[in-house]
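# Structural overview for review
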Amino acid sequence: YQRRVHGTNTEVIAIDQDPKGVQGTIVWQNCPTTFTQYKDVPSCQQIWSKPLSDGSHAVFFINWGTSQVTVKCDAACFKTIGYTSAVKIRDLWLHKDLGSFSEFTAILDPLGASRTLRFSQ
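A quick note: this is a predicted structure, and the numbers were derived from the prediction, not measured.

Criteria and cut-off values
- Residues numbered from 1 in each chain as written.
- Predicted model: local features only at pLDDT ≥ 70, side-chain atom pairs only at ≥ 80, totals over all residues.
- Heavy atoms only, no water.
- Phe/Tyr/Trp six-rings, centres within 6.5 Å; stacked < 30°, edge-to-face > 60°.
- Helix = DSSP H or I, 4+ residues; strand = E, 2+ residues; numbered from the N terminus.
- Buried < 20%, exposed > 50% of the residue type's maximum accessible area, 1.4 Å probe, protein only.
- Polar contact = N/O pair within 3.5 Å; in protein donor to acceptor, adjacent residues only side chain to side chain.
- Contact = heavy atoms within 4.5 Å.
- Salt bridge = Lys/Arg side-chain N within 4 Å of Asp/Glu carboxyl O.

### A look at the packing of aromatic side chains
Each pair of aromatic rings is reported with the distance of its centres and the angle of its planes. Taken as a whole and assessed by the stated rule, the structure comprises four aromatic pairs. Relative to phenylalanine 119, the ring of tyrosine 83 lies with its centre 6.4 Å away and its plane at 45°, an arrangement referred to as tilted. Here phenylalanine 119 lies in strand S8 (residues 114–120) and tyrosine 83 lies in the loop between helix H3 (75–81) and strand S5 (87–91), a separation of 36 residues in the sequence. Overall, tyrosine 83 belongs to the buried group, its relative accessible area being 4%. Summarising the aromatic geometry, the rings of phenylalanine 101 and phenylalanine 104 are spaced 5.3 Å apart at their centres and angled 90° between planes, so their arrangement reads as edge-to-face. Take phenylalanine 104: its relative accessible area is 5%, and that puts it in the buried class. Here the aromatic cluster, defined as three or more aromatic residues joined through ring pairs, consists of Phe61, Phe101 and Phe104.

### Topic: the side chain of glutamine 46
As for its placement among the helices and strands, glutamine 46 is situated in strand S2 (residues 45–51). The class of glutamine 46 is buried, set by a relative accessible area of 10%. One polar contact links glutamine 46 to glutamine 29, side chain to side chain, over a distance of 3.0 Å. Setting aside chain neighbours within four positions, we find glutamine 46 in contact with Ile26, Trp28, Gln29, Cys31, Phe60, Phe61, Ile62 and Trp64.

### What to know about the pattern of salt bridges
Close approach of charged atoms allows side chains with opposite charge to pair. Enumeration according to the criterion identifies five salt bridges in this entry. The partner of arginine 118 in a salt bridge is aspartate 54, and the shortest N-O contact between them spans 3.2 Å. Here the residue arginine 118 occupies a position in strand S8, and aspartate 54 occupies one in the loop between S2 and strand S3 (57–63), the gap between them amounting to 64 residues. Note on aspartate 54: relative accessible area 56%, which makes it exposed. In the salt-bridge network here, residues are joined through shared partners; they are Glu11, Arg90 and Asp97.

On their own, these measurements won't tell you what the molecule is for.
Set out below in structure tokens:
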């Protein structure tokens, strides 16, 4: 089922196939910078960003930990992505515009739970 949902979400597919072709990068994390094996993935969180051809950014929050957490992209995180003022945020899995934010907080379930968003001005 999960593969079918992933394979048919046109908004997420558009991020993957964006013509700009730029790889996403980590803009915030509390993870160690290296680990050697998948089984050694630490209990930590990351925020990734990928610039898109229309000037917006795909932003991905992920929780590698074993308990539910709150992860915040604050003003410094926004600046790292390239924004100095509020942005419009869209949840790509819910297909829903969430509003305008100058920082964003995501509540993430454990074990790889994530949020995939689009930030735009």
